[in-house]
Amino acid sequence: MSQNYGRLTPTLSTRTTTLDDPPGPKSKARTRRILLLLLVGALLIAAAAFGIPAAARSLAREPEHKPGPTRVIREACGLTRYPELCLSTLAEFPGSVAALQPREVAHITVNMTLRKFGTAFSASTEIRNWEMDTWSRSAYEDCLELLEDSVDLLARSLLSSTTYFGKQGGSHQDVVTWLSGAMTNQDTCTDGFNHLSGTVKNQMVQSLQDLSELVSNCLAIYAACHKLDDFSRTPIQNRKLLGFEHKFNSTNHEFPKWMTRSERVLLGTPTQVIQADIIVAQDGSGTVKTITEAIKKAPQNSARRTIIVVKAGTYEEDNLKVGRKKTNLWFLGEGKGRTVITGKKSVGQDQISTFHTAAFAATGTGFVVRDITFVNEAGPQNNQAVALRVGADHAVVYRCEIKGYQDTLYVHSQRQFYRECDIYGTVDFIFGNAAVVFQNCTMWARKPMAQQKITITAQNRKDPNQNTGMSIHACQARPTLDLEANKSSFPTFLGRPWKMFSRVVYMESYLGDHIDPTGWIEWNATSPLDKLYYGEYSNVGPRADTSQRVKWSNLHVNMSREDAEKFTVAQFIFGQEWITTTGVSYQSGLSA
């Protein structure tokens, strides 16, 4: 990259140790678990993935030659962005010819994709003992972690999209979320090798071949046969609706719902009166002295929430991470500026990936945090340096402060909600590919380095069927004092499209006069602009005037109320299904 504005191209790192699954002797056991999962999945598929009758038909007549694709398969594959790959992949699965409905094809494609990811993970682990330079080793370790997470997401998608023994798993939106997350994981993995060369890259490229495209095909078929419309009305290639009717009940609730009634008031309760499971206190007055110990002590795969109270103090620990198995962990601090989690790793200084610079990262489902400040102190001269990275589904970040410069907040993947947070940064300081709503937050633009431009968002939605994007609702975009005095020298933009289908909206928010009148800026001179979706609705402030905005075909500076409603808590992240019981107040729809 010729200047510091934007992602550095070699975003690689040594892998951050996960506290719930450390590397070493357990790596082989982890590989065996993945293979066992795939074997169990294969056994389940015969009875469930495309229905017991279809399985019986397949077993009853073993063809002597491979038949051509059926009408149902051709129709389903015609919905995808990669139809030839779809057809060739399904041809490898003899049972696919027995599928009589698009829904059965959808299940089979997820099954096949899960198997491909499992094979890629297995092949990747075979080269772990190869000699690698620092950059290659870091990219390799990133991919192992992300591949393992994707296998889990695909397995959940498969089981949740299949009625098995009369039980239905997750909702249709759950499945689309998990498939979208698997694709994002794969993109993060492959991006790490983009600017490397050598035998490790060659081997990994071979192992990872077509994985992102396979997930894309799963998304296209699944979304079509379940009639899941794209929220933003962005045209979806070859979209036809198949299968059965799916109706969404948009009834507004005072709060969304996904936990017990007692938990609904928990986040509004003072820390001093909460009965915590674990208390972190540096002076020894709690259960443990460090957050690292608290995460280790928390149970794995817990269906009930574990409350971790973090007493006032500054906690500088080495890249803290709530791993995938640490589910339903709630971190409650004693207030912004009082409970502080800090780090200082960066791409520029440490030569690690953006993904692993985070002072704190969370991927465990049901992650909730309140009243904590997250800081990356690397400074603007060290390029990407993440303060908080979240890839957890059903994550809630409430009354927190997130401070950095470039790439401050990494909303990596899955469904997230931020309420009453202060987020500070310069270049792309809110970035990622989650389905995320920010509400009553303040985006503080800081003074950057010389020659830099400030961009609040960089959203990297790669596929039109991903249910991802950033909704900034009832928030404020303001300059810090150091920028206020120099705002004429450093233009600030609402966002720029990191990937082709980038999606960001600002609704009912205050836009300060530090925002450039054009509003938005391209990623680079050659980046496509015809498939993104950027929107503005009923904003206020000096830069709410859209008369000088860039003239992009898919920039909607005067969104209709109907379209804007699609980006609210109730409809964009189906928040009434999971936020309510955290006790975090929120606005489910637009203002009256």
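This text follows the structure it describes.
Residues numbered from 1 in each chain as written. Predicted model: local features only at pLDDT ≥ 70, side-chain atom pairs only at ≥ 80, totals over all residues. Heavy atoms only, no water.

## Let's talk about the sheet that holds strand E13 (residues 409-411)
Then step 1. Strand order in the open sheet made by the seven strands is E4-E7-E10-E13-E16-E20-E24, with parallel pairing throughout. Edge positions in the sheet fall to strand E4 (320-322) and strand E24 (496-497), since each of these pairs with one other strand and no more.
Then step 2. By the bridge criterion, three bridges tie E13 to strand E16 (residues 430-432) in an arrangement that is parallel. Among the inter-strand pairings, Val 411 is bridged to a residue of E16, identified as Gly 432. (Pairing = 2+ DSSP bridges. Helix = DSSP H or I, 4+ residues; strand = E, 2+ residues; numbered from the N terminus.)

## Side note on the nonpolar core
One recurring pattern in soluble globular proteins is that nonpolar side chains are buried together.
Then step 1. With 61 residues, the main nonpolar core has Phe 331, Phe 360, Tyr 418 and Phe 438 as its most contacted residues.
Then step 2. For Phe 360, the contacting residues outside a window of four places in its chain are Ile 291, Leu 320, Val 322, Phe 331, Ile 341, Phe 367, Phe 374, Ala 387, Leu 388 and Arg 389.
Then step 3. With 58 residues, the next largest nonpolar core counts Ala 106, Val 215, Tyr 222 and Trp 498 among its residues. (Core = buried A, V, L, I, M, F, W, Y, C linked by side-chain atoms within 4.5 Å. Buried < 20%, exposed > 50% of the residue type's maximum accessible area, 1.4 Å probe, protein only. Contact = heavy atoms within 4.5 Å.)

## Remarks on the state of the cysteines
Then step 1. Taken as a whole and judged by the stated rule, the model has two disulfides.
Then step 2. Note that Cys 77 is cross-linked by a disulfide to Cys 86, the S-S spacing being 2.1 Å. Between Cys 77 and Cys 86 the sulfur-sulfur dihedral comes to about -70 degrees; the bridge is accordingly left-handed.
Then step 3. Note on Cys 77: relative accessible area 1%, which makes it buried.
Then step 4. Owing to a relative accessible area of 3%, Cys 86 belongs among the buried residues under this scheme.
Then step 5. A sulfur-sulfur separation of 2.0 Å characterises the disulfide bridge that pairs Cys 143 with Cys 189. Where Cys 143 bonds to Cys 189 through sulfur, the torsion about that S-S bond is close to 105 degrees, and the disulfide is right-handed. (Disulfide = S-S within 2.5 Å.)

## As for helix H6 (residues 134-160)
Every α-helix carries 3.6 residues per turn, so stepping three or four residues along brings you back to the same face.
Then step 1. In a regular helix each residue adds 1.5 Å, so 27 residues correspond to 39 Å; H6 covers 39 Å between its end C-alpha atoms and thus fits that length.
Then step 2. When you tally the buried positions in H6, you get 21 out of 27 residues, the bulk of the element.
Then step 3. Between the side-chain oxygen of the N-cap and the backbone nitrogen of Ser 136 there are 2.8 Å, and the N-cap of H6 in question is Asp 133. (Expected span 1.5 Å × (residues − 1). Polar contact = N/O pair within 3.5 Å; in protein donor to acceptor, adjacent residues only side chain to side chain.)

## So, the packing of aromatic side chains
Then step 1. What the rule picks out here adds up to 16 aromatic pairs.
Then step 2. Ring pairing ties together the aromatic residues Phe 355, Tyr 410, Phe 431, Trp 498 and Trp 523, which thus form one cluster.
Then step 3. Taking the ring centre of Trp 178 as reference, the NZ or CZ of Arg 156 above it sits at 4.3 Å.
Then step 4. Over the face of the ring belonging to Tyr 405 we find Arg 446, whose NZ or CZ atom lies 4.1 Å from the ring centre. (Phe/Tyr/Trp six-rings, centres within 6.5 Å; stacked < 30°, edge-to-face > 60°. Lys NZ or Arg CZ within 6 Å of the ring centre and 35° of its normal.)

## Examining the environment of Gly 583
Then step 1. Of note, Gly 583 is situated in the segment after helix H15 (569-572).
Then step 2. Taking the C-alpha atoms as reference points, Gly 583 and Gly 268, 315 residues apart in sequence, are found 6.1 Å from one another.

## A short note on the sheet that holds strand E6 (residues 339-343)
Then step 1. In spatial order, the strands read E3-E6-E9-E12-E15-E18-E22-E26; together these eight strands make up an open sheet with parallel pairing. For this open sheet the edge positions go to strand E3 (313-316) and strand E26 (510-511), each flanked by a neighbour on one side alone.
Then step 2. For E6 and strand E9 (residues 373-376), the ladder comprises four bridges, and the chain directions are parallel. Counterpart to Thr 342 in the pairing with E9 is Val 375.

## Concerning the pattern of salt bridges
When the charged atoms of two side chains with opposite charge come close together, those side chains can pair.
Then step 1. The final tally for this structure, using the stated rule, is 28 salt bridges.
Then step 2. One salt bridge connects Glu 145 with Lys 321, and the closest N-O pair in it is separated by 1.9 Å. A residue pair is termed long-range when its members are at least 10 positions apart, and Glu 145 in helix H6 and Lys 321 in strand E4 qualify at 176 residues. Considered together, Glu 145 and Lys 321 belong to a single accessibility category, that of buried residues.
Then step 3. A salt bridge links Arg 324 to Glu 148, with the nearest nitrogen and oxygen atoms 3.4 Å apart. Taken together, the positions of Arg 324 in the loop between E4 and strand E5 (329-332) and Glu 148 in helix H6 put the pair 176 residues apart, joining distant regions of the chain.
Then step 4. Look at Arg 324 and you get partly exposed, because its relative accessible area is 23%.
Then step 5. Residues joined in a network through salt bridges with shared partners are Glu 148, Asp 149, Asp 152, Arg 156 and Arg 324. (Salt bridge = Lys/Arg side-chain N within 4 Å of Asp/Glu carboxyl O.)

Shape descriptors only; they carry no functional weight alone.
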